[in-house]
Amino acid sequence: GITRIKGKADSAEYAGHTMKVVGVETLAFTKNQTLSLVVESGNRLFGSVGSDVLRGTQGDDVIDGQGGSDTVDGGAGSDTLAFFGRFADFTVTFPTTNSPEVVITGKSNTDYAGQTVRASNVEFLAFADNPAVAVTNPPRVVLSPGSTLVAEGGSAASLGVSLSVAPIGNVTVNLAGGAQLSASLIQLTFTPANWGVVQTVSVQAVDDTVFEKQHSGTLTVTVASADSLYQSVAASTLTYTVSDNDTSNLGSVAGTLWNDADKDGAVDLGEPNLVGWRVFDDVNRNGKLDAGEVSTLTDTAGRYRLDDLSPGAHTITARVETGWSPTFPSLSSSSASVIVNAPGSSEGTTGDLQSTELSAAAASALYTNLGTATNIAAFYADPRFSSINGQGVSVVVIDTGIDLDHPAFGADADGNGIADRIVFNYDFVGANDANASDVAGHGTHVSGIVGSSDTNFPGIAPGVNIIALRVLGDTGSGNAADLIEAVNWVVTNAARYNVVAVNLSLGFGTFDKTPTAGFASTQFKALANAGVVVVSASGNDYLKNSIQGVSYPSSDPYSLSVGAVWA
């Protein structure tokens, strides 16, 4: 039900691009070539390149984790876990009664190397060369909770119950909620005819008069049957978070985290919830969970609720996992009771660009005093350092992209349309794609200063590898969400590409006079701990506003702020 299309090296503008389509009957190519696809019913759920917790629906699902060491629960229905690699690229351990998960590990020298996926309640594994590898699950009760958050005096949460495999005889499932929970049905019967049909139970918090603050309740599920398959199935439990209603002077904040694949700030069909994410009350607004700060994990529906908060303003923060960035709400539209990363504008720019025609002599004159303030000429003249030109290391330029085949960034020996010293490029603007071509020109200009190998106009490190990450559009503006995506990529891949520095010649319009831990501070700190230097532009707006201060992210404690003196 999911088709992956990958452009080959000689496929012009599609070279290096990968896309996935669902619900499409026909692919059309040049020269009137078409390819018919089989459209199947059911749900399609996608993860990220990071390690995710993915939970299926009560229907039939096709789940594509898209990389990372994921934990998957298919839930009810007939579910398929998809991998875009050959079966021989993986080591597969099938479930047993004692180990009910199927474990899929990518072998070395494959696209899935080092990744291990653990899955329960999936019926098939799909590989590029074998789309239907059957998984025999051990007998068990399949629980599919709509949510595990309930409140005293509040609405009930739905719970779907079914069996994993067909029984020979009748199976009775008993549910007990103890002192904290009540179930609308305490006994369910499954037969060889209805074992796979989900029976729905409503689970509600017991509304007592005891002041308990937020607490937990346990639903215990047991099986009674003479059926040889199910008679030895052990009891299982499901833990619910219960909000207390026996005090009136404390408040709460609730919300949902989901995979906003199209970055539109709305939950769309096929966008799964994020399970097991840490959400906390960021009292000191430093973007990280500190001792004494109240926190919780999102439940099976991606929902969270922080209770027992004192009256006043609260900054609720989600700990952003590697490879993710927040898309809603934006910083400009957020308030103190919803998730934000830091105060400030959500729009970043490169500043004003000016074009001036120069003669060859005038252009050369610009280089006359280049590096005087930093003594770079003296550095290169010193025989101890003359061979240091950046070769073997990479610098990341996060900007408007780069002129991919500009000769100043080396030859194109492999003929792929990308200069060989541009070792990676990616466009994080909009829907994301693997083509960071520069329209505005600013990113190419900055990259040239860093690493041009042009004989007449060399950069500071003419041998360095360039990684161009596009976060600013054709007009030189962008948003915080795309920037965070790019910085998260750097955190994940810094060691792989031997990254030594990150350049951010952009700003978010602030005039900070003190170090400011903003929306990217956690990532910048991680880079600093890894020995990667982050350098950001101080800002360009004093001329227009006569306000002192530097722009974020250059004001971040883990970024160097670089700028000229206004005179």
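As for helix H3 (residues 442-451)
Here H3 lies mainly inside the structure; eight of its ten residues are buried. When H3 is considered as a whole, its buried residues turn out to be His-442, Gly-443, Thr-444, Val-446, Ser-447, Gly-448, Val-450 and Gly-451. Each element contacted by the buried residues of H3 is listed here: strand S30 (394-399), strand S32 (465-470) and strand S34 (499-504).

With respect to the packing of aromatic side chains
In this structure the tally under the stated criterion is 13 aromatic pairs. Here Phe-424 and Tyr-497 contribute two aromatic rings whose centre-to-centre distance is 5.9 Å and whose plane-to-plane angle is 50 degrees, an arrangement assigned as tilted. Placement of the pair is Phe-424 in strand S31 (residues 422-427) and Tyr-497 in helix H4 (residues 480-497), with a sequence separation of 73 residues. One aromatic cluster is present, formed by Phe-83, Phe-87, Phe-90, Tyr-112 and Phe-127 through successive ring pairs.

What about the side chain of Ser-225?
Relative to the elements of secondary structure, Ser-225 occurs in the loop between strand S22 (215-224) and strand S23 (236-243). With relative accessibility at 19%, the residue Ser-225 sits in the buried group. A distance of 2.8 Å separates a polar side-chain atom of Ser-225 from the backbone oxygen of Asn-170. One polar contact links the side chain of Ser-225 to the main-chain amide nitrogen of Asp-227, over a distance of 2.9 Å. Excluding its chain neighbours within four sequence positions, the residues that come into contact with Ser-225 are Asn-170, Val-171, Tyr-230 and Gln-231.

A word on the side chain of Thr-444
Counting through the fold element by element, Thr-444 comes out in helix H3. At 2.8 Å, the side chain of Thr-444 and the side chain of Asp-438 are in polar contact. Apart from the residues within four sequence positions on either side, Thr-444 is in contact with Gly-401, Ile-402, Asp-403, Phe-409 and Asp-438.

Considering the nonpolar core
Ile-398, Leu-469, Leu-483 and Val-502 are the most contacted members of the largest nonpolar core, which totals 28 residues. Looking at this core, the elements with two or more residues in it are S30, S32, H4, S34 and helix H5 (521-529). It is H4 that provides the largest number of residues to this core, a total of nine residues. The contacts of Ile-398, once residues within four sequence positions are left out, are Leu-469, Val-471, Leu-483, Ala-486, Val-487, Val-490, Val-502, Asn-503, Leu-504, Ser-505 and Leu-506. Grouped together as the second largest cluster of nonpolar side chains are 25 residues, Ala-157, Leu-175, Val-223 and Val-242 included.

Examining the environment of Ser-51
Tracing the sequence through the fold places Ser-51 in the loop between strand S5 (43-46) and strand S6 (53-55). In sequence terms Ser-51 and Gly-68 are 17 residues apart; their C-alpha atoms lie 4.4 Å from each other. From its side chain, Ser-51 meets the backbone nitrogen of Ser-69 in a polar contact 3.1 Å long.

What about unusual backbone geometry?
Here Tyr-552 and Pro-553 are connected by a cis peptide whose omega angle stands at 20 degrees. Its identity is not glycine, yet Gln-66 carries a phi of approximately 60 degrees, on the positive side. Mapped onto the fold, Gln-66 is located in the loop between strand S7 (61-64) and strand S8 (71-73). Here the phi dihedral of Asn-121 falls at roughly 60 degrees; this positive angle occurs in a residue that is not glycine.

With respect to the sheet that holds S7
Taken together, the five strands give an open sheet; going across it, the order is S5-S7-S9-S13-S14, and neighbouring strands pair in mixed fashion. The sheet terminates laterally at S5 and strand S14 (130-134), the two strands that pair on one side only. The sheet shows a mean angle of 25 degrees between the axes of neighbouring strands, direction not considered. Pairing between strand S9 (residues 80-82) and strand S13 (residues 124-127): three bridges, direction parallel. Opposite Leu-81, over in S13, you have Leu-125 as the bridge partner.

Considering H4
The end-to-end C-alpha separation of H4 is 24 Å, in line with the 26 Å expected for 18 residues at 1.5 Å each. Where H4 bends most, at Val-491, the angle is about 40 degrees. The opening residue of H4 is Asn-479, an N-cap whose side-chain oxygen sits 3.0 Å from the backbone nitrogen of Ala-481. Just beyond H4, the residue with positive phi is Asn-498, at close to 55 degrees.

What counts, and at which threshold
- Residues numbered from 1 in each chain as written.
- Predicted model: local features only at pLDDT ≥ 70, side-chain atom pairs only at ≥ 80, totals over all residues.
- Heavy atoms only, no water.
- Buried < 20%, exposed > 50% of the residue type's maximum accessible area, 1.4 Å probe, protein only.
- Helix = DSSP H or I, 4+ residues; strand = E, 2+ residues; numbered from the N terminus.
- Contact = heavy atoms within 4.5 Å.
- Phe/Tyr/Trp six-rings, centres within 6.5 Å; stacked < 30°, edge-to-face > 60°.
- Polar contact = N/O pair within 3.5 Å; in protein donor to acceptor, adjacent residues only side chain to side chain.
- Core = buried A, V, L, I, M, F, W, Y, C linked by side-chain atoms within 4.5 Å.
- Pairing = 2+ DSSP bridges.
- Axes fitted to C-alpha atoms, helices over the stretch in contact; angles between N-to-C directions.
- Expected span 1.5 Å × (residues − 1).
- Bend = angle between axes of the 7 residues up to and from the residue.

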